[in-house]
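# Structural overview for review
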Amino acid sequence: MLGKLSGWEDTIVALATPHGIGAIGVIRLSGDNAITIVNQLFPSKDLAQQKSHTIHVGFLKDGDKVLDEVVVSLFKNPRSYTGEDVIEISCHGSPFIQEQVIHTLTKYGARLAKPGEFTQRAFLKGKLDLTQAEAVADLIASNTEASQKTALHNIRGGFSGVLKELREQLIQFSALIELELDFSQEDVEFADRSRFYELIARMQQVTTELLQSFKLGNVIKNGVSVAIVGKPNAGKSTLLNTLLNENRAIVSDIAGTTRDTIEEVLNINGILFRLIDTAGIRESRDVIETIGVEKSIEKMKAADLVVYLFDVNEETQATVEAAYHQIQEHNTNFLLVGNKVDTLTEDVAQEKFSGDAVLFIAAKSKLHIDLLKQRLVDKVVQGTVQTENTIITNARHYTALQEVQKALTDIFNGLNNQLSGDLLALDIRRCLHFLGEITGEITNEDRLDFIFSKFCIGK
Ligand code: GDP
């Protein structure tokens, strides 16, 4: 597999820090010639003679021309991120200097790295498995504590650890069953069927839990889209401002979100709530916007969660119920929130709108905003976010796990129906195949290139 990758023997170079002006910029090289190449530009020391994990200060020169005064960090193979010789050059953070240094390095034999190529090499050298490599990309993109924790857990092998153990046990069984096939004339059973049952049952349970965790994984990775809808003057923009004042999230870019509608992002307990079409809310005083209008319907359909906000003075139990039924046609995940409860006493409000279905707040004076936030979180994760558990956040893993689950069901049914060993072996192989696809034990070059192309350059 390794030999097949094009450009695999090249020494690659890329800027590891963001583009633009900064205090320092780090340029990274990896490959067999990393040391030889940098040595030609770094006259003060012979890096080949230096120990791994050391740093060296000196001038970087192209012939007589000084490029910059830099710090060179040396990581010799195999004790580096990629498993190859790695050199990191910290230079001054001017884009001009960085470009010049990279250009000069390419002149002396380095090639510009493709997106994710450093991590791809780490994977191919066995430093990381595929789920760990993917977690590196997730970690870089993480923008809340919850997404950071999940990514770190997976980098440390949390997810693949679980799968590897099950895969190994299944391999053992598969070997025994294949052995039985060799002795098929003699009607022997090497693979203990009752233990096999147990293993399959356990695998089914783990797979089911992992598949279920994807919902939470998605929430952690991509956030939750929320539509605040309601009649004009219900207090939507007041609520928006109240929520944003305390919880506005600083987000650069959220994976998988479209940017065609204006949205604000809240960070509540580590989960990102994306308030969609906030421009619409802010304009709503000019636009006659009722819950029935088309724009609101679109918004409700697109959202993961709908907050229906109403003015407790303006509505009755009957009108709220009517709204309830209308919303339910478009989205079943919603919260009914009665606003301006400061103008009534809470008892009166509760009497007016019977039941626990309605949450009463006063957006302006910030009454019960904490309760609202808790309800929002409860709506998506039911309880606290347990990032210590293994959670899948990756659609590729989800699809492969679904295939694993199908194969397990076939094996299970096969066992029940006393299916012959050769047919059972086919289903087991299929199951192993998809497990191996997740961790990267089974893969092909196109698939790899696709996965790593989603990384940023320099990683
Ligand atoms: P929108 O049209 O739904 O965006 O509603 P606004 O946020 O513009 O609010 C309409 C009016 O209700 C404004 O005069 C707000 O000051 C007022 N308002 C909003 N929230 C509250 C509240 O909790 N209590 C009271 N008494 N007035 C509120």
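Remember, predicted model here, so these are calculated numbers, not experimental data.

### Notes on the UniProt feature "binding site: (6S)-5-formyl-5,6,7,8-tetrahydrofolate" (unreviewed entry) in the protein
Annotation from UniProt places "binding site: (6S)-5-formyl-5,6,7,8-tetrahydrofolate" (unreviewed entry) at R28, E88, K127 and K459. Along the chain, the position of R28 falls in strand 2 (residues 24-30). As for its placement among the helices and strands, K459 is situated in the segment after helix 16 (445-453). Those residues in contact with K459 that lie beyond four places of it in its chain are R28, Y81, G116, E117, F118, T119, V136 and I140.

### Describing the site of the ligand
Residues in close proximity to the ligand total 17 residues, the closest being N233, K236, S237, T238 and A363. Between G235 and the ligand, the recorded distance is 2.9 Å, taken from a backbone N or O atom to an oxygen atom. Between N339 and the ligand, the recorded distance is 3.2 Å, taken from a side-chain N or O atom to a nitrogen atom. Against a free-state accessible area of 580 Å², the protein chains account for coverage of 81% of the ligand. Among the elements that line the shell around the ligand, the one with the most residues is helix 8 (residues 236-247), at three residues. Of the residues belonging to the shell around the ligand, the class tally is four nonpolar, seven polar and six charged.

### A short note on helix 13 (residues 369-381)
The end-to-end C-alpha distance of helix 13 is 19 Å, a good match for the 18 Å that 13 residues give at a rise of 1.5 Å each. Three or more residues of helix 13 are buried, namely I369, L372, K373, L376, V377, V380 and V381. The buried side chains of helix 13 occupy one side of the element, clustering within an arc of 150 degrees when seen end-on.

### As for the pairing of strand 4 (residues 65-75)
In this structure, strand 3 (residues 54-62) lies alongside strand 4, joined through nine bridges in antiparallel fashion. Looking at the pairing, H56 lines up with V72 of strand 4. Hairpin connection, strand 3 to strand 4: the antiparallel pair is bridged by two residues, and G63 has positive phi, about 65 degrees. In this sheet, strand 5 (residues 86-92) lies alongside strand 4 in antiparallel orientation, the contact comprising five bridges. In the sheet register, V72 faces strand 5, and the bridge partner there is I89.

### A short note on the nonpolar core
Judged by nonpolar contacts, the single largest core of 30 residues is most densely connected at L170, F196, M203, L401, I411 and C431. Going through the elements one at a time, helix 6 (158-182), helix 7 (193-222), helix 14 (395-416) and helix 15 (421-439) are the ones with two or more residues in this core. If sequence neighbours within four positions are ignored, I411 has contacts with F196, I200, L424, D427, I428 and C431.

### What about the UniProt feature "binding site: K(+)" (unreviewed entry) in the protein?
Per the UniProt record, "binding site: K(+)" (unreviewed entry) is found at N233, S252, I254 and T257. If you trace the backbone, N233 turns up in the loop between strand 7 (224-229) and helix 8. The exposure class assigned to N233 is exposed, which follows from its relative accessible area of 55%.

### Some remarks on empty space enclosed by the protein
Vacant regions in the atomic arrangement are exposed by a probe of water-molecule size rolled over the atoms. The tally for this structure, following the rule as stated, stands at three cavities of 30 Å³ or more. The calculated volume of the second largest cavity comes to roughly 50 Å³. Contributing to the lining of the second largest cavity are T131, E134, A135, D138, N154, F159, I391, I392, T393, N394 and H397. Considering each element in turn, the lining of the second largest cavity owes the most residues, four residues, to helix 4 (residues 130-141). Residue classes in the lining of the second largest cavity are distributed as four nonpolar, five polar and two charged.

### So, helix 5 (residues 145-155)
Taken together, the buried positions of helix 5 are occupied by A146, S147, T150, A151, H153 and N154. Down the axis of helix 5, the sector holding all buried residues measures 160 degrees, keeping them to one side. On its buried side, helix 5 packs onto helix 4, helix 6 and helix 7. G157 occupies a position one or two residues after helix 5 and carries a positive phi of about 95 degrees.

### Things to note about the packing of helix 6 against helix 15
Close contact between helix 6 and helix 15 brings their axes to 9 Å; oriented N to C, the two are set at 155 degrees. One element, helix 6, and the other, helix 15, form an angle in the roughly antiparallel class. For helix 6 against helix 15, the interelement crossing comes out left-handed. Between helix 6, through F159, S160, L163, K164, R167, L170, I171, S174, I177, E178 and L181, and helix 15, the contact on the second element is made entirely by G421, D422, L424, A425, I428, R429, C431, L432, L435, G436, I438 and T439.

### Concerning the pairing of strand 10 (residues 305-311)
Taking burial as the measure, the seven residues of strand 10 include seven buried ones, the bulk of the element. The two faces of strand 10 match: L305, V307, L309 and D311 on one face and V306, Y308 and F310 on the other face are all buried. Both strand 10 and strand 11 (residues 334-339) contribute to a ladder of six bridges, which runs parallel. Pairing of V306 across the sheet is with F334, part of strand 11. Running through helix 11 (residues 317-330), the crossover from strand 10 to the neighbouring parallel element strand 11 is right-handed.

### Remarks on unusual backbone geometry
With omega at 5 degrees, the peptide bond leading from N77 into P78 counts as cis. Tracing the chain through its elements places P78 in the loop between strand 4 and strand 5. Residues other than glycine seldom take positive phi values, yet K340 does so here, at roughly 65 degrees. Secondary-structure assignment places K340 in the loop between strand 11 and helix 12 (346-352). On the basis of relative accessible area, K340 is assigned to the partly exposed category, the value being 25%. Of note, the phi angle at K366 is positive, near 65 degrees, even though the residue is not glycine. Among the residues examined, K366 registers a relative accessible area of 42% and is labelled partly exposed.

How each quantity is defined
Residues numbered from 1 in each chain as written. Predicted model: local features only at pLDDT ≥ 70, side-chain atom pairs only at ≥ 80, totals over all residues. Heavy atoms only, no water. UniProt positions renumbered as here; feature names shortened; annotations may be inferred. Helix = DSSP H or I, 4+ residues; strand = E, 2+ residues; numbered from the N terminus. Contact = heavy atoms within 4.5 Å. Near = heavy atom within 4 Å. Polar contact = N/O pair within 3.5 Å; in protein donor to acceptor, adjacent residues only side chain to side chain. Areas by Shrake-Rupley, 256 points an atom, 1.4 Å probe, with all protein chains shown as cover. Nonpolar A, V, L, I, M, F, W, Y, C, P; charged D, E, K, R; others polar. Expected span 1.5 Å × (residues − 1). Buried < 20%, exposed > 50% of the residue type's maximum accessible area, 1.4 Å probe, protein only. Arc of directions from axis to C-beta. Pairing = 2+ DSSP bridges. Core = buried A, V, L, I, M, F, W, Y, C linked by side-chain atoms within 4.5 Å. 1 Å grid on protein atoms, 1.4 Å probe; cavity = no way out; pocket = protein on both sides within 12 Å on 5 of 7 lines; lining within 4 Å. Points joined across faces, edges and corners; volume = space filled by probe spheres on them. Axes fitted to C-alpha atoms, helices over the stretch in contact; angles between N-to-C directions. Parallel < 35°, antiparallel > 145°, perpendicular 65-115°, else oblique. Left-handed = near helix turned anticlockwise from the far one by under 90°. Right-handed = clockwise from strand over helix to strand, strands pointing away.

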